[in-house]
Amino acid sequence: MAAITPKPARYGMAIDLDRCTGCGACMIACAAENNVPPARPEATPRTGITWMRVYQISNGAPFPDSRAAFVPILCQQCGKETPCAAVCPQEAVETDPATGIVDQMPQRCLGCRYCMAACPYHARYFNWWDPQWPAGMEKTLNPDVATRMRGVVEKCNFCHGRLHAARARAAAEGRRELHPGEYLPACVEACPAAAIVFGDLDDPASEVARLARDGQSFRILERLGTEPKIYYRTTRPWVRKAAAQPGPASAPGKEPVHA
Amino acid sequence: MPNADTQLMPRGVRRSTPRQFLLWILPWAALLAFGVYGAGLCLVKGLNQTHMDNRFAFGLWIFLDLTVIALGAGAFFTGFLLYILKKSELKAVINSAVVIGFICYSGAVAALLVDVGQPARFWFTFWHPNVHSMLTEVTFCISCYLTVLFIEYIPIVLKNRKLRQIPSFLVFEFELHKLMPVLAGVGTFLSFFHQGSLGGLYGVLRGRPFAFREGFAIWPSTFFLFILSAAAAGPAFILLTTWLVSKVSGKQLVRPEVLPMLGRISGVLLVPYILLKSIDTLVWIDSTSPARGFAAYQYYAWKPFGAWILFAEIVVFGLAPALILLRRRLRESPAWLLSAATLVCLGIALNRFVLTIQTLALPTLPFDPFMSYLPSWQETATFLAVVAYGVLLYSFSFRYLTLFPQEKDLSC
Amino acid sequence: MLSHIIFLGLFYTVLAVLSTTVALSLYRAGQDFRARRAEAICWHATFPDLPARDRLCRHEFTGEFSHRLCDKAFDCRECQQHAALVARRPPDAAPTPREADVFGLEFPLDRLYHRGHAWAHPEPDGTVTVGLDALGARLVAEPEAVVLPAIGSHIQTNGAAWHVNKRGAHVRILSPLDGQVVATGGPQDGWYLKVKPDGGRLDARHLLRGPEIRPWIAHEMERLQASLGPADQAPTMADGGVPVNDIAAAYPEADWDAVCAEIFLLP
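Computed from a predicted model, the values in this text were never measured in an experiment. (Residues numbered from 1 in each chain as written. Chains lettered and ligands numbered in written order. Predicted model: local features only at pLDDT ≥ 70, side-chain atom pairs only at ≥ 80, totals over all residues.)

1. Here we look at the confidence of the model for chain C
For chain C, per-residue confidence averages 87 on the pLDDT scale, and residues scoring 70 or more make up 92% of the total. As a predicted assembly, this complex carries a pTM of 0.92 together with an ipTM value of 0.92. (pLDDT = per-residue confidence, 0-100.)

2. Details of the interface of chain B and chain A
Listed per partner, the contact involves 43 residues of chain B and 55 residues of chain A. Of all elements in the fold, only helix H6 (124-127) and helix H7 (134-158) of chain B reach the threshold of two or more residues within the side of chain B that touches chain A. Broken down by element, the residue count for the side of chain B that touches chain A peaks at three residues, all from H7(B). Split by residue class, the side of chain B that touches chain A holds 19 nonpolar, 16 polar and eight charged. (Contact = placed C-beta atoms within 7 Å. Helix = DSSP H or I, 4+ residues; strand = E, 2+ residues; numbered from the N terminus. Nonpolar A, V, L, I, M, F, W, Y, C, P; charged D, E, K, R; others polar.)

3. Remarks on the interface of chain B and chain C
On the side of chain C, 34 residues touch chain B, which itself brings 29 residues to the contact. At the level of secondary structure, the elements contributing two or more residues to the side of chain B that touches chain C comprise H7, helix H8 (167-178), helix H9 (180-203) and helix H17 (407-410) of chain B. The biggest single contributor to the side of chain B that touches chain C is H8(B), with nine residues. Taken together, the residues of the side of chain B that touches chain C break down into 18 nonpolar, five polar and six charged.

4. Some words on the nonpolar core
Counting 197 residues, the largest nonpolar core has Cys115(A), Ile196(A), Ala233(B) and Val344(B) as its most contacted members. Per-element tally for this core: the top contributor is helix H10 (residues 221-249) of chain B, with 15 residues. Beyond its immediate sequence surroundings of up to four residues, Val344(B) is in contact with Ala232(B), Ala233(B), Ala236(B), Ser266(B), Leu270(B) and Pro321(B). Core analysis: the next-biggest nonpolar cluster, separate from the first, contains 48 residues, Leu50(C), Leu135(C), Leu177(C) and Trp216(C) among them. (Core = buried A, V, L, I, M, F, W, Y, C linked by C-beta atoms within 7 Å. Buried ≥ 20, exposed ≤ 12 C-beta atoms within 10 Å, placed from the backbone.)

5. What to know about the arrangement of the chains
Comparison of the two pairs of chains in contact shows the highest number of contacts for chains A and B. Kept free of each other, chain A and chain C leave a smallest C-alpha distance of 13 Å between them.

6. Things to note about the sheet that holds strand E8 (residues 160-166) of chain C
Residues and elements named next belong to chain C. Taken together, three strands build an open sheet; the order of strands is E6-E8-E9 and the sheet is antiparallel. Edge positions in the sheet fall to strand E6 (145-147) and strand E9 (169-174), since each of these pairs with one other strand and no more. Along the sheet, successive strands turn relative to each other by an average axial angle of 20°, direction set aside. One ladder, built from three bridges, connects E6 with E8; its direction is antiparallel. Residue pairing in the sheet places Val 147 in a bridge with His 163 of E8. Of the strands in this sheet, E8 and E9 touch helix H8 (residues 256-264), which is tilted by about 10° from E9. (Pairing = 2+ DSSP bridges. Axes fitted to C-alpha atoms, helices over the stretch in contact; angles between N-to-C directions.)

7. Digging into the pairing of strand E4 (residues 118-122) of chain C
Residue and element names in this part refer to chain C. Sheet topology note: the strand E3 (residues 112-113)/E4 ladder contains two bridges and is antiparallel. Pairing of Leu 112 across the sheet is with Ala 120, part of E4. Between E3 and E4, which pair antiparallel in sequence order, lie four residues; one of them, His 117, sits at a positive phi of approximately 75°. Here E4 pairs with strand E5 (residues 128-132) via five bridges, running antiparallel. Considered in E5, the bridge of His 121 is made with Thr 129.

8. Things to note about the pairing of strand E11 (residues 191-197) of chain C
All names here are of chain C. As judged from the three bridges shared by E5 and E11, these two strands associate in the antiparallel manner. Along E11, the bridge assignment pairs Thr 129 with Lys 194. Sheet topology places strand E10 (residues 179-186) next to E11; six bridges connect them, and they run antiparallel. Bridge pairing in E11 places Val 181 opposite Val 195. The hairpin formed by E10 and E11 contains four residues between the paired strands, and Gly 190 there has a positive phi angle of roughly 85°.

9. Considering the sheet that holds strand E10 (residues 230-233) of chain A
Residue and element names in this part refer to chain A. Strand order in the open sheet formed by four strands is E8-E1-E10-E9, and the pairing between neighbours is mixed. The open sheet terminates on both sides in strands that have one partner only, identified here as strand E8 (196-200) and strand E9 (217-218). In the sheet, E9 pairs with E10 via two bridges, with the strands oriented antiparallel. The partner of Ser 217 across the bridge, within E10, is Arg 233.

10. Here's the deal with helix H3 (residues 60-71) of chain B
Residue and element names in this part refer to chain B. Between the first and last C-alpha of H3 there are 16 Å, a value that for 12 residues agrees with the 16 Å anticipated at 1.5 Å per step. Among the 12 residues that make up H3, 11 are buried, leaving the element largely enclosed by the rest of the structure. Listed in full, the buried residues belonging to H3 are Leu 60, Trp 61, Ile 62, Leu 64, Asp 65, Leu 66, Thr 67, Val 68, Ile 69, Ala 70 and Leu 71. On its buried face, H3 sits against helix H5 (91-115), H9, H10, helix H15 (334-361) and helix H16 (377-400). (Expected span 1.5 Å × (residues − 1).)

11. Here's the deal with the packing of helix H11 (residues 258-291) of chain B against helix H13 (residues 308-325) of chain B
Residue and element names in this part refer to chain B. The geometry of H11 relative to H13 is characterised by a closest axis approach of 8 Å and an angle of 145° between their N-to-C directions. Our pair here, H11 against H13, has a crossing hand that is left-handed. Residue-level contacts link Gly 263, Arg 264, Ser 266, Gly 267, Leu 270, Val 271, Ile 274, Lys 277, Ser 278 and Thr 281 of H11 to Leu 310, Ile 314, Gly 318, Leu 319, Pro 321, Ala 322 and Leu 325 of H13. Residue composition of the contact of H11 with H13, grouped by class: nine nonpolar, six polar and two charged. (Left-handed = near helix turned anticlockwise from the far one by under 90°.)

12. Structural notes on the environment of Phe210(B)
Residues and elements named next belong to chain B. Mapped onto the secondary structure, Phe 210 falls in the loop between H9 and strand E1 (215-216). Residues Phe 210 and Thr 288, spaced 78 residues apart in sequence, show a C-alpha to C-alpha distance of 9.4 Å. Residues in contact with Phe 210, not counting those within four places in the same chain, are Tyr 299, Gln 358, Thr 359 and Leu 362.

Right, dumping it as structure tokens:
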């Protein structure tokens, strides 16, 4: 059979901050899908691994005008001068040209953590402990995703395992192209508010491409010039101000609460 | 009274008795053992033994590695001045500088092996190098340079009183010494690049506007600033260590004009450094940082890192020692000379601290707070192990090798 | 790709330069041994480690220089300055001193003296007798051991001629000439070696003679007094008398290794 390469895609997301309720289902689904090890008792919010992490922001106003919103932050899959890929000394970070996904190779990672210093979105997480699952919990492991070892960095890869599974299914049916919705990361699937839309940003017919072009969409830290592929949407001006801010939000002492 | 120990010491110099030496060595050996235990915990149990975390991916170790490598730059710079520019007065301190350089670099490499999550994978960088990454450049250069320092250390060891009686050692040392300018040249080339790349590590971080700088071609300005500051700090550190060893051993080790000369070299290099750093800071405040959406004053709103840090780095620890070291009258006064040299070295440490720790403390995400970090005892212990290792290696080298060729002539 | 080549190219070049440097040094060291230059190299390599007071140029003794350190490791055969000075003042034209008694020590004037206190005397049969001068002999009188070279072995100028052990000090006596050992003697014979010089005759350009002896020995006596006394005392000079035959016995507290190192030029 002649090799027909599918058209390269550029997968991205549009996350509606007005729909996000902060329930955290995306975080749980992500951890379950990707075999993230359970946190040790000594772990803190700064040493735990959450490929997807929901932040809480507030408008800083006193009661009864105080309002909260939730911002899910995951790897932004930076498309230009990807900070982490540029700095990894072992080339353990690779951008897949067919999907635009920034892939992390934990088996090549030395654990130098330079990529973690480089990532402005703090989307990279280090295995400070040996991953361990309590007896019986190993039954919950997803057989399609490799676990990592201690001392290496890991991060969201848009559930790359699911992409491979979808491609395998399509190939079994004799197709090269994937139908929209056939490949969805776990967080997208799990969100009860359907706040996350996923798809090919380069496909003009896809919903995510339409939403990305929409005036309500913005990207976080856009001025750093890394071309992230996660678009955030909101109609609330204060949320936009708090999240689309190019730099640190406010003076010390007035910063929003961090989840 | 000659004994087996005195047979190993250089002739014509006095050293402490074996018992006195043992009393000196023991506490450092104990510190080394304690530090190795701390490091061992990190290796065995994992890096959770440190207080580093996902926001403070770099901590005490990286900050100290960068500082000791900058201070150890005295080895390459003295070698460059002596063997390439033929400033023969530096023969008085070159051996000591090489030993200190070797200690600094080997200690830093040892600390790095504990710092990475998978030390056994260190060779991956050599097998899959990312030639665009500053850290790859640092890895290659530092490995090569450590080799150069080792090769430069060998002749000093081979000239030990007992070892030199073996003719093949002495003849090999003689032939190697003829090629010392080659080694000095290679060492200078390598040091130029890795001191620079250590600065480049931070200058290229587009995601950290506090550290990010524009520059020349692929090299951000921090690349050049680090080279200059290391070249300025090297002689100052040699000055300090020579004085310290002289004090601890109670002997005059170099002729009186040597230390002020080192101070002058340091001062001369500080001037262009301060100038370029000031220009760089202004450019950063004015255009680089705002272009990325961060106004410079915002960084300094987070306590305790106020604008005083910038002032301290450039004026207190940069301009002030430069002015002192450039005046002959002040240079010749030990109090002024040593204070100025200390300020230079502290300034280098502050500069490395700002780029490592402050960079990571400052928030990048709009809804992030300021982070703080304090090292754990295991981290501190590991660093102290490196210090103890350095003191022990230097002590043995000082006792049995000729680190200061002028000592013999000054001791009668 | 190009950046890959440049980067790795530079790295491998550096490694190549380093390994070539080490390999070349090893190879040249091997060559030095084969060409029998090793002893001379050992001497030249360790000469700068001697204290400055041990390295004074012989022409300082005769007043031709106020202060000069030897930069040729006492091998005046190689020295342009020495050749120039000798040409200006040929040794034969110098007035011969009247006596050979220097500070109570006998220094026969028909002998040529090496800075390491060995003397060489050309014999009528073409050999050269080598012995230890009056000062050296008194320092290693009644030695614990004397290790002489084998008959037929070759000694080199500024290399080791023979070895003496005295009160814990292992002293090697510097050879004043290049040649082949034809006979060995000992302190009891008044000479230590009989040597057939290379090239048939003794090249004595680097050896001291005549008017140089007195100022040289004066300097040596000063150095000896300094090394015999406690380190912080100023050197004293006897104003008459003859040094005892066994100086070591007269100074039981002195570090004999340091004393011998000073006089016999052990670096």
